[in-house]
Amino acid sequence: MPAPSTLPSAPLPVAAPARWRFALYAAHLLSGFAIAISNVLLALAVLAFPALRSRPALPATARRPALAAAFYLLALGAAILASPEPLKSARALSEVFSFATFFLALAWVRGERQVRFLLDAAILIGALLALSGLAQLAAGYGDLERRIRGPFSHYMTFAGCLLPFDLVLIARLLTRRPDGGATGPTAWLDRPLVAWTALAAIN
């Protein structure tokens, strides 16, 4: 007796993988204030890369920076092998996992709208993190024994997190679109008052 026929599964819409790619990458990038959660999401993104890969995997404009990053990682591996204590130096291999953020950005983030959304959302999160630090300052933190560390376990992690937000916001201010040209979900950051207030808080 022939086996019963099974209904074919409905294929995903063409745009669905792109939405999943962007959502997963955005979740990883924007949860950087919780490093463990961000790393778990990055690991999920790396594991999902074969299933969600785009065609081509890298656009032509992304190949040169990808090659530069790959050369750096090869040089890192060579430096570890040439080290007098390779086992101790091998701890630097954790950078390879961190570089997945860079490669996934080249592969999965497409178009000005997505880039602006990610950068502006990151700036907003940076401003909120800065406000948490200012709240700690108001609560009496700030001396050598009680450093301002925001939501992190160490003040240097907090400072290292705020620095890229600061630089991205400065670049955002230098490339601000003229009045009337702002569109999209993060157009509010094109308002000078909002952008300068966020800059003051972060600094």
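Data block above holds the structure.
A few points about helix H5 (residues 94–108)
Part 1 of the reasoning: With 15 residues, H5 extends 22 Å between its outermost C-alpha atoms, agreeing within 8% with the 21 Å of an ideal straight helix rising 1.5 Å per residue.
Part 2 of the reasoning: Among the residues of H5, Ala100, Thr101, Leu104, Leu106, Ala107 and Trp108 are the ones counted as buried.

Quick notes on the packing of helix H6 (residues 111–138) against helix H7 (residues 155–174)
Part 1 of the reasoning: At their nearest, the axes of H6 and H7 sit 9 Å apart, and the two run at 130° to each other. Classified by the angle between their axes, H6 and H7 sit oblique to one another. Seen along the crossing, H6 lies across H7 with a hand that is left-handed. Between H6 and H7, the contacting residues are Arg116, Leu119, Asp120, Ala122, Ile123, Gly126, Leu129, Ala130 and Gly133 on the first element and Phe158, Cys161, Leu162, Phe165, Val168, Leu169 and Arg172 on the second.
Part 2 of the reasoning: Per-class residue counts for the contact of H6 with H7 are eleven nonpolar, two polar and three charged.

Comments concerning helix H8 (residues 192–202)
Part 1 of the reasoning: For H8, every residue scored as buried is listed here: Ala195, Ala198, Leu199, Ala201 and Ile202. On an axial view of H8, the arc spanned by its buried residues comes to 165°, and they lie on one face. Of the exposed residues in H8, the ones pointing more than 90 degrees away from its buried face are Leu193, Trp196 and Ala200.

What about the environment of Pro65?
Part 1 of the reasoning: Note that Pro65 resides in helix H3 (residues 63–82).
Part 2 of the reasoning: The sequence separation of Pro65 and Phe102 amounts to 37 residues, and the corresponding C-alpha distance is 9.5 Å.
Part 3 of the reasoning: Leaving out residues up to four positions away in the same chain, Pro65 has contacts with Phe102 and Leu106.

Thresholds, definitions, all that
- Residues numbered from 1 in each chain as written.
- Predicted model: local features only at pLDDT ≥ 70, side-chain atom pairs only at ≥ 80, totals over all residues.
- Heavy atoms only, no water.
- Helix = DSSP H or I, 4+ residues; strand = E, 2+ residues; numbered from the N terminus.
- Expected span 1.5 Å × (residues − 1).
- Buried < 20%, exposed > 50% of the residue type's maximum accessible area, 1.4 Å probe, protein only.
- Axes fitted to C-alpha atoms, helices over the stretch in contact; angles between N-to-C directions.
- Parallel < 35°, antiparallel > 145°, perpendicular 65-115°, else oblique.
- Left-handed = near helix turned anticlockwise from the far one by under 90°.
- Contact = heavy atoms within 4.5 Å.
- Nonpolar A, V, L, I, M, F, W, Y, C, P; charged D, E, K, R; others polar.
- Arc of directions from axis to C-beta.

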